[in-house]
Amino acid sequence: MEHIAALLLVIGCSDTMTECRELSVPVSVFETFEACMAERPFALGDLRGLTPRIMGECLAVDPALEDDYDQLLWTVRPDGTLVASLEVSGSLVAANGARPEKDYLQQH
C-alpha cells in the first residue's frame, strides 16, 4: 500500500470571496509533497474559469497519522488567503440510528 505524503486542496470562490467551495481535481493525493507542489499550478490552471477566484494549497500528511485524519478544515480570509489543515479530532462519536436528530450535513 502506498503512503500519502500530501493532499492538494483547491477552493473556488465568488468575486467577493463571500461564497467558497471545494473543487474536485483529477489527482488530489501525492506520494511526496514536492509532487503535489509541482502539480498545483497545472490543477489550478485546469480549473480556471470555473469560479471567479481559485486557490490551492498542498497539505503535508504525517504518515503516522494517515489513517487517523478525520477533518479537513479550511477558511478563506477576506484578503484571499487560503488557510487549511488536516486534523485528528480525538473524539469518539456515538449515534443512535433509531433516533436521528439532524437531517442535514455541515462542512466545517
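One can find the structure itself at the top, above this paragraph.
These numbers come from a predicted model, not from an experiment.

Cut-offs used in this document
- Numbers given to residues run from 1 along each chain, matching the order in which its sequence is written.
- Totals for whole chains, interfaces and linings use all residues, but because this is a predicted model, local features are given only for residues with pLDDT of at least 70 and pairs of side-chain atoms are given and counted only at 80 or more.
- Side-chain metrics in this entry use all non-hydrogen atoms of the structure; hydrogen atoms and water are not considered.
- Strands are runs of DSSP state E lasting at least two residues, helices are runs of H or I lasting at least four, and both sets are numbered from the N terminus onward.
- Three labels apply to residues, based on accessible area from a 1.4 Å probe with only protein chains included: buried if under 20% of the type maximum, exposed if over 50%, partly exposed otherwise in between.
- Any two residues having at least one pair of non-hydrogen atoms within 4.5 Å are treated as being in contact.
- The set of buried Ala, Val, Leu, Ile, Met, Phe, Trp, Tyr and Cys residues whose side-chain atoms join them within 4.5 Å is what this entry labels a nonpolar core.

### Structural notes on the environment of Cys 20
Part 1 of the argument: Mapped onto the elements of the fold, Cys 20 is located in strand E2 (residues 20–23).
Part 2 of the argument: Taking relative accessible area as the criterion, Cys 20 reaches 26% and is therefore assigned partly exposed.
Part 3 of the argument: Between the alpha carbons of Cys 20 and Thr 51 there is a distance of 9.1 Å; along the sequence they are 31 residues apart.
Part 4 of the argument: Setting aside residues no more than four positions away along its own chain, Cys 20 makes contact with Ile 11, Gly 12, Cys 13, Trp 74 and Val 76.

### Observations concerning the nonpolar core
Part 1 of the argument: If you look at the biggest cluster of nonpolar residues, it comprises 13 residues, and the most contacted ones within it are Ile 11, Cys 13, Met 55, Trp 74, Val 76 and Leu 82.
Part 2 of the argument: Counting only elements with at least two residues in this core, the list comes to strand E1 (6–13), strand E4 (53–60), strand E5 (71–76) and strand E6 (82–87).
Part 3 of the argument: With 4 residues, the top contributor of residues to this core is E1.
Part 4 of the argument: If we ignore the near neighbours within four places in the chain, the residues touching Ile 11 are Cys 20, Arg 21, Glu 22, Leu 23, Arg 53, Ile 54, Met 55, Trp 74, Val 76 and Leu 82.

Coordinates in, geometry out; function isn't part of it.
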